[in-house]
Amino acid sequence: MKLYASDEHVEVLGNKRNARGNAVATDLQVELAWHLRQRDTNRALDLTTEAELLLSRNCGTAAFRSGLRARLGLVRAEAAWLGARLESAETELEAATAHFQASNDLVGQGDALLLEYHLADDRGETGRRRDCLRRAEALYAAAHDPERKLISLAWQALDESFGGATEPLERAQRAVEIGGLGEPSAVRGLLSFARAQLSF
């Protein structure tokens, strides 16, 4: 499950779900909710409720259910953050992180840290904010997810650009050049923002 997906991919997921009707697979439901979390938050929350019902029927292994519950919790946490309900977001995030840890999902733990970064930023917690990005990068590296690692580096470049630091941007650019992935759209957007900030 990607961190960010294109509109075309989300449309395909929605069409698959609609075609399957009541027989929709739980993981498809969760993936669609995840990718709608910022596009259509209310619909994403409706989908998380439906997915929780499917999970309550004991589909799949315990680890499978724990991983999907973690992702659903992260959807709810991000929805709370987007709605400026920071305490609720922290609570949901803590529960989601526990599920990710229980299922040994390194990517999920990294994704949770990216949301924690935003919460720390909103609270003005500079040390926590930077620590989240460094830990997310390490988890993505350990999980062998090069695209997410690039995204975490791009977030670090943007974060540090507000203080005038150029080294994180240079590091991210080097990682893009040697990574063999090209420049994913999320990375391109973040690095462009960082360059613009540094040009002021």
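Described below are features of the structure shown in this document. For clarity, every value in this text was computed on a predicted model and none was experimentally measured.

Moving on to the overall build of the protein. Helices and strands together make up the secondary structure of the protein, namely 10 helices and zero strands. The secondary structure elements of the protein, listed N-terminal to C-terminal, are α-α-α-α-α-α-α-α-α-α. Expressed along its principal axes, the backbone C-alpha trace of the protein runs to roughly 50 × 35 × 30 Å. Per-residue burial over the protein gives 44% buried out of 200 residues. Pairs at least 24 residues apart make up 60% of the contacts formed inside the protein by residues separated by at least 6 positions. Surface accessibility of the protein: about 9900 Å² in total, with carbon and sulfur atoms responsible for 50%. Charged side chains in the protein number 25 positive and 30 negative. The centres of these two groups are separated by 3 Å.

Given a rise of 1.5 Å per residue, 17 residues ought to cover 24 Å, and the 24 Å separating the end C-alpha atoms of helix α5 (residues 86–102) matches this to within 8%. Elements in contact with the buried residues of α5: α4 (62–82), α6 (106–123) and α7 (126–142).

For the rest of this paragraph, the subject is the environment of Arg39. Within the fold, Arg39 resides in the loop between α2 (26–36) and α3 (41–55). Owing to a relative accessible area of 38%, Arg39 belongs among the partly exposed residues under this scheme. In terms of polar contacts, Arg39 uses its side chain to reach the backbone carbonyl oxygen of Ala5, at 2.5 Å. A distance of 2.8 Å separates the side chain of Arg39 from the backbone oxygen of His35, its partner in a polar contact.

Side-chain pairs of opposite charge can arise whenever the charged atoms involved come near each other. Across all of its chains, the model carries 22 salt bridges by this definition. Here Glu52 ties to Arg69 by a salt bridge, and the two come within 3.4 Å at their closest N and O atoms. With Glu52 in helix α3 and Arg69 in helix α4, the pair connects residues that are 17 residues apart, well separated along the chain. When its relative accessible area of 22% is taken as the criterion, Glu52 is described as partly exposed. According to the relative accessible area criterion, Arg69 is partly exposed, its value standing at 25%. Each member of the salt-bridge network shares a partner with another, and the members are Glu87, Glu90, Glu116, Arg123, Glu125 and Arg128.

About the cut-offs
- Residues numbered from 1 in each chain as written.
- Predicted model: local features only at pLDDT ≥ 70, side-chain atom pairs only at ≥ 80, totals over all residues.
- Heavy atoms only, no water.
- Helix = DSSP H or I, 4+ residues; strand = E, 2+ residues; numbered from the N terminus.
- Buried < 20%, exposed > 50% of the residue type's maximum accessible area, 1.4 Å probe, protein only.
- Contact = heavy atoms within 4.5 Å.
- Areas by Shrake-Rupley, 256 points an atom, 1.4 Å probe, with all protein chains shown as cover.
- Lys, Arg positive; Asp, Glu negative; His and termini not counted.
- Charge placed at Lys NZ, Arg CZ, Asp CG, Glu CD.
- Expected span 1.5 Å × (residues − 1).
- Polar contact = N/O pair within 3.5 Å; in protein donor to acceptor, adjacent residues only side chain to side chain.
- Salt bridge = Lys/Arg side-chain N within 4 Å of Asp/Glu carboxyl O.

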